[in-house]
Amino acid sequence: MTQSFQGPKGTFDLLPPDSELWLHVREAMAAPLRTAGYGYIETPVFEDTALFERGVGESTDVVSKEMYSFVTRGDDRVTLRPEGTAGVVRSAVQHRLYAGQLPVKLWYSGSFFRYERPQAGRYRHFSQVGAEALGLDDPALDAELVALGVRAFADLGLREVRLLMNSLGDATCRPVYRARLQEFLRSLDLDAETRRRVELNPLRVLDDKRPEVQAQLADAPVVADSLCDACRAHYAAVRGHLADLGVDWAEAPRLVRGLDYYTRTTFEFQHDGLGAQSAVGGGGRYDGLSEDVGGPPMPGIGWALGVDRTVLAMRAEGVEAPVSSRCDVYAVPLGAEAKRRLLVLVDELRRSGIAADLAFGDRGLKGAMKGADRSGARLAVVVGDRDLETGVGQLKDLATGEQVAVPLDDVVAVIREKLT
Ligand code: HAM
């Protein structure tokens, strides 16, 4: 027997009709961005491995444990993108977008790859919609972007998404905080691996989920106490703008993120219906990222919302997604000539904006009518070869069973009237 295949571990296939929901979520996330001046950007799904090493940070789990990296036939080191921001910044630098009107506002939608331990809501191939605003460090831009994320979830009908916010400081004050935190963490009773992390990436230790670690962190210094005046003022302005915009959030003094490029405003959208994790989206400022990847100074802020986790959240809240009818009219030909005529009729219907399908496969009346019911169509047009002589077919209302004879020449107009 020849080998049969399964999709790779940690991935899933999106099949109709469920796939409609993913399309709907992506569209709802993009819609607020498009009305706010964000232009669509598409970058490759693989980039130079060094871009992520330098941009996302070598001490992060994402870079050190989760990247799909390989050497190409041409000896280039490339990685399937684990996130979108580094590629967008690389593209903005390469194309000198910073030399034009600022901010440069961009949005994207696509596949991302992380070699994670798969579980509900955590996949190796997942989907994000993201937004990045580049070139300015205006706190109003932080507030605008956060509010656009809030809008996306609200437009999807989600009521239980929480917004958590923190400021992580900048190149001036973060090192001071890092040193204070390190000093505190070195005094704790931690395993060897965590002690290594204290030296490499102490902020990540705050995110350790193990109760025995959390129990020791109650008195850990918080970054808010170390912010410099400029960061303090920036954060106060962001909060003021968010209040003006009527956005609710909770202060999360311990919120740190899994990627190293963040500065100042950082935030996460959380939800309780996602299995073992809670982040349905997240983002923040990354004012040094461009320089980290060899570009000019170009501050930026962005977020990415997880499409798959948003679907989980919608299911957990029982949010009904609008079901778009895939088929309004189902055509049933009985005979070869009738099929030729109805294939043309179906094409005419589609061109006039009516979703239509045909019983392919030369089924008998019974089988074809079963197909009509399954299609979800409201109307069926049944035409036999003999009807072509009289030029009259049968139009059946699939909900009521009512059937009327309709001249084939008028059938598009009659259907249109019945469907409106
Ligand atoms: P992130 O927090 O790593 O940020 O990912 C954003 C969202 O993607 C998460 O909140 C989650 O919903 C979803 N996500 C991440 N990993 C997985 C996974 N393995 N399976 C399913 N969903 C997942 C970023 O990626 C940043 N680039 C966001 C950003 C843009 N920051 C600034 N600009």
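Residues numbered from 1 in each chain as written. Predicted model: local features only at pLDDT ≥ 70, side-chain atom pairs only at ≥ 80, totals over all residues. Heavy atoms only, no water.

**With respect to the state of the cysteines**
Then, in step 1: If you walk through the whole model with that rule in mind, you get 0 disulfides.
Then, in step 2: No disulfide involves Cys 231; its nearest neighbouring cysteine sulfur is the one of Cys 228, lying 3.6 Å away.
Then, in step 3: Overall, Cys 231 belongs to the buried group, its relative accessible area being 1%. (Disulfide = S-S within 2.5 Å. Buried < 20%, exposed > 50% of the residue type's maximum accessible area, 1.4 Å probe, protein only.)

**Digging into the site of the ligand**
Then, in step 1: Neighbouring the ligand are 27 residues, the closest being Glu 83, Glu 116, Tyr 123, Glu 132 and Tyr 262.
Then, in step 2: Between the ligand and Tyr 262 there is a distance of 2.7 Å, counted from a nitrogen atom to a side-chain nitrogen or oxygen.
Then, in step 3: Arg 309 has a polar side-chain atom sitting 3.5 Å from a nitrogen atom of the ligand.
Then, in step 4: Among the secondary structure elements, those contributing two or more residues to the shell around the ligand are strand 6 (125-134), strand 10 (279-285) and strand 11 (300-306).
Then, in step 5: For the shell around the ligand, the leading source of residues is strand 10, giving 6 residues.
Then, in step 6: In terms of residue class, the shell around the ligand is built from 11 nonpolar, 9 polar and 7 charged. (Near = heavy atom within 4 Å. Polar contact = N/O pair within 3.5 Å; in protein donor to acceptor, adjacent residues only side chain to side chain. Helix = DSSP H or I, 4+ residues; strand = E, 2+ residues; numbered from the N terminus. Nonpolar A, V, L, I, M, F, W, Y, C, P; charged D, E, K, R; others polar.)

**Section: the packing of aromatic side chains**
Then, in step 1: One pass over the full model with this rule turns up 10 aromatic pairs.
Then, in step 2: Between Phe 267 and Phe 269 the ring centres are 5.9 Å apart and the planes differ by 75 degrees, which places this aromatic pair in the edge-to-face class.
Then, in step 3: The class for Phe 267 is buried, based on a relative accessible area of 0%.
Then, in step 4: The class for Phe 269 is buried, based on a relative accessible area of 1%.
Then, in step 5: An aromatic cluster of three or more residues is present, and its members are Phe 12, Trp 22 and Tyr 123.
Then, in step 6: Above the plane of the ring of Phe 112 lies Arg 81, whose end atom (NZ or CZ) is 4.3 Å from the centre.
Then, in step 7: Sitting over the ring of Tyr 235, Arg 239 keeps its end group 4.4 Å from the ring centre. (Phe/Tyr/Trp six-rings, centres within 6.5 Å; stacked < 30°, edge-to-face > 60°. Lys NZ or Arg CZ within 6 Å of the ring centre and 35° of its normal.)

**Some words on the sheet that holds strand 12 (residues 329-334)**
Then, in step 1: An order of 13-12-14-15-16 is seen for the 5 strands of this open sheet, with the pairing classed as mixed. Taken across any chain shown, the strands that pair with only one partner, and hence form the sheet edges, are strand 13 (356-358) and strand 16 (403-407). Across this sheet, the average inter-strand angle for adjacent strands is 25 degrees, counted without regard to direction.
Then, in step 2: Where strand 14 (residues 379-384) meets strand 15 (residues 392-397), 4 bridges bridge the pair, whose relative direction is antiparallel. By the bridge assignment, Leu 379 is partnered in strand 15 with Asp 397.
Then, in step 3: Taken strand by strand, helix 13 (residues 336-351) contacts strand 12, strand 13 and strand 14, and its axis lies near 165 degrees from that of strand 13.
Then, in step 4: The sheet contacts of helix 16 (residues 411-419) involve strand 12, strand 14, strand 15 and strand 16, and relative to strand 14 the element is tilted by about 160 degrees. (Pairing = 2+ DSSP bridges. Axes fitted to C-alpha atoms, helices over the stretch in contact; angles between N-to-C directions. Contact = heavy atoms within 4.5 Å.)

**Points about unusual backbone geometry**
Then, in step 1: For the peptide bond that leads from Pro 16 to Pro 17, omega is 5 degrees, which places it in the cis range.
Then, in step 2: Cis geometry is found at the peptide bond from Leu 102 to Pro 103, where omega equals 0 degrees.
Then, in step 3: Topologically, Pro 103 is positioned in the loop between helix 4 (85-94) and strand 5 (104-113).
Then, in step 4: For Asp 75, which is not a glycine, the phi torsion comes out positive at approximately 70 degrees.
Then, in step 5: Locating Asp 75 in the fold gives a position in the loop between strand 3 (68-71) and strand 4 (77-80).
Then, in step 6: The phi angle at Asp 362 is positive, at roughly 50 degrees, despite the residue not being glycine.
Then, in step 7: Inspection of the secondary structure assignment puts Asp 362 in the loop between strand 13 and helix 14 (365-375).
Then, in step 8: Residue Asp 362 is classed as exposed on the basis of its relative accessible area of 59%.

**A word on the packing of helix 5 (residues 139-155) against helix 10 (residues 229-244)**
Then, in step 1: At their nearest, the axes of helix 5 and helix 10 sit 8 Å apart, and the two run at 45 degrees to each other. When the interaxial angle is binned, helix 5 and helix 10 end up oblique. Once helix 5 is placed against helix 10, the crossing between them reads as right-handed. Contact residues: Pro 139, Ala 140, Asp 142, Ala 143, Val 146 and Ala 147 in helix 5; His 234, Ala 237, Val 238, His 241 and Leu 242 in helix 10. (Parallel < 35°, antiparallel > 145°, perpendicular 65-115°, else oblique. Left-handed = near helix turned anticlockwise from the far one by under 90°.)

**So, the sheet that holds strand 3**
Then, in step 1: A sheet is described by the order of its strands in space; here 3 strands give the open sequence 2-4-3, paired in antiparallel fashion. In the strand order of this sheet, the two ends are held by strand 2 (46-48) and strand 3, each with one partner. Adjacent strand axes in the sheet meet at a mean angle of 30 degrees, parallel and antiparallel pairs treated alike.
Then, in step 2: Examined bridge by bridge, strand 3 and strand 4 share 4 bridges and lie antiparallel to one another. From the neighbouring strand, Ser 69 faces strand 4, where its bridge partner is Thr 79.

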